Amino acid sequence: MSSQLIRGLLLIAGSALVALPAGYFVASWVGWSVFCTGLGLQMVFHFRNFARLERWSRAPNADPDLEGQGAWDEVFGRLYQHEKDVRAQLARRDAEIAMLIAAGQALTDGVVLLDEADRILFCNTTAESQLGLAIASDRGQAIVNLVRQPEFVAYLQGRDFDKPLTLRSERVRDCTLSIHVIPYADNHRLLQVKDITQSERLDRTRRDFVANVSHELRTPLTVLSGFLETLQEIDVDPAERRRYVDLMAEQSKRMQTIVQDLLTLSSIESAPPPGTEVIDMASLIDKLRRDAEALSGGRHTIVVESDGRPDLRGSEPELVSALANLVTNAVRYTPAGGSIRVVWHALGQGAEFAVEDTGIGIAPEHIPRLTERFYRVDRGRSRDSGGTGLGLAIVKHSLNRHNAQLEVTSEPGKGSRFAARFPASRVAGV
Ligand code: ADP
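Residues numbered from 1 in each chain as written. Predicted model: local features only at pLDDT ≥ 70, side-chain atom pairs only at ≥ 80, totals over all residues. Heavy atoms only, no water.

> For this particular structure, what's the right way to read helix α3 (residues 71–106)?
Because the α-helix completes a turn every 3.6 residues, residues three or four places apart line up on one side. The end-to-end C-alpha distance of α3 is 53 Å, a good match for the 52 Å that 36 residues give at a rise of 1.5 Å each. Within the span of α3, buried status applies to Ala71, Trp72, Phe76, Tyr80, Glu83 and Gly104. (Helix = DSSP H or I, 4+ residues; strand = E, 2+ residues; numbered from the N terminus. Expected span 1.5 Å × (residues − 1). Buried < 20%, exposed > 50% of the residue type's maximum accessible area, 1.4 Å probe, protein only.)

Laid out in structure tokens, this is it:
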């Protein structure tokens, strides 16, 4: 029997103990009055506490500002404690859920949690922007009603999740997603959405590059092996033989140049960021002028406008390679009689190296693509002048690594201007 019940019975017994002598010695109605008063006081006491409990139960709180009396004090105490424990547990669980949601949001991949009927339970902001969802309004909706691309619907309903689905986004232009479904907890599913646009582009660039290199090398190789076969099989006279050997030498020289440019490009790409050693621009520009004059062989007017200032900071071999490419291109794409002007001067906080020519010029649609590897406006003309189509790719890479920008302006038939703009951080003495 509980102590509260015993206490209650003892109080009734106590009232009876006082009431019995009163009834016996005074009058029975006095005894009954004493007994009923005792019972009434107890009932008032319990009703008051019960009313407090009833009020509290409407809006339970864990703050024991309402204290019970007597036996009720213990009951209230236990209820408060229980309420406190429940609230602490809920707060812990809320904190854990908040941490899980924060972890989900921190993922760089999109994440969507689906229930057994493919209804959305949760998705992070990355998935919202990748798939066009809005968790605030889409929670509980079937995902196939929101992402309606037939490939996606078929993949989800096909239930074969061994391989991820590659999906070209209909919402975001040029965006490719890889969607991986991971089943978890009783027919629930987790969608992991990766944006693979960049890696796809890199793959494509690599494939194109390999195809281009093979194509570029195959042409001179075919010529070479053709002549070799002829020489092996047919007895040709010495003059003809001489001509064949010259042509073979020309093709092998061409392959050497391509390989050399590829090596330059790859060494620039894999080299550590250029340092900050000071490059003597006066002697670099003087060397560029001498090389241009040698290549031109007197066919062009070459003017250099520079007092050699300011000096640059960076990797000398890389900058020589970039700037020399611009100068030799001007010579190669300017017909005899034309003129070439090389300018090096401070510009704003930085400096500018510009090469202007009165050559064949470039149509506007080609200009954005000039720095792509192996891109040429006129393949035959480039080849005839010993070009590989890699020169401006080398220029772009070396300039990028020196935080410089290449600016090209040109007009077909009139000439071109290639300008490299260096920021203040690359100019010595600033
Ligand atoms: P290439 O070895 O073919 O010259 P580049 O990468 O140096 O390769 O240049 C890419 C293309 O840009 C060239 O094939 C040519 O069509 C065009 N080009 C570059 N410089 C000039 C210029 N100064 N004038 C006209 N066209 C140019």
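> Hey, could you run me through the site of the ligand in this one?
Lining the immediate surroundings of the ligand are 21 residues, of which Tyr333, Ser382, Thr388, Gly389 and Leu392 lie closest. At 2.6 Å, a side-chain N or O of Ser382 approaches an oxygen atom of the ligand. Counting only elements with at least two residues in the shell around the ligand, the list comes to α10 (316–332), α12 (391–401) and β12 (415–422). No other element matches the three residues that α10 contributes to the shell around the ligand. Among the residues making up the shell around the ligand, the classes are represented as ten nonpolar, eight polar and three charged. (Near = heavy atom within 4 Å. Polar contact = N/O pair within 3.5 Å; in protein donor to acceptor, adjacent residues only side chain to side chain. Nonpolar A, V, L, I, M, F, W, Y, C, P; charged D, E, K, R; others polar.)

> In this structure, what is going on with the sheet that holds strand β10 (residues 350–357)? I would like to understand it.
Working definition: the strands of a sheet are paired by backbone hydrogen bonds and lie parallel or antiparallel to each other. One open sheet accounts for five strands, arranged β7-β9-β10-β12-β11; its pairing is mixed. At either margin of the open sheet sits one strand with a lone partner, and together these are β7 (301–305) and β11 (405–411). Neighbour-to-neighbour, the strand axes of the sheet open up by a mean angle of 10°, direction not taken into account. In this structure, β11 lies alongside β12, joined through seven bridges in antiparallel fashion. Within β12, the residue paired with Leu406 across the bridge is Ala420. (Pairing = 2+ DSSP bridges. Axes fitted to C-alpha atoms, helices over the stretch in contact; angles between N-to-C directions.)

> Whenever I open this one, the environment of Leu265 confuses me. Can you help?
Its place among the elements puts Leu265 in helix α8 (residues 238–270). Separated by 126 residues in sequence, Leu265 and Gly391 place their C-alpha atoms 9.0 Å apart.

> For this particular structure, what's the right way to read the environment of Arg207?
Counting through the fold element by element, Arg207 comes out in helix α7 (residues 197–233). For Arg207, a relative accessible area of 54% translates into the label exposed. Once the C-alpha coordinates of Arg207 and Asn329 are considered, the two residues, 122 residues apart in sequence, prove to be 28 Å apart.

> Sorry, what's going on with the pattern of salt bridges here?
When the charged atoms of two side chains lie near each other, side chains of opposite charge can form a pair. For the structure shown, the criterion picks out 30 salt bridges. Of the charged contacts, one joins Arg58 and Glu54 as a salt bridge, the two residues approaching to 2.7 Å between their closest N and O atoms. Placement of both Arg58 and Glu54 in helix α2 (residues 28–58) is noted, with a separation of four residues, approximately one turn of the helix. In this structure Glu54 comes out as partly exposed when scored by relative accessible area, which is 32%. Of the charged contacts in the structure, one is a salt bridge between Arg417 and Glu352, with a shortest N-O distance of 3.1 Å. (Salt bridge = Lys/Arg side-chain N within 4 Å of Asp/Glu carboxyl O.)

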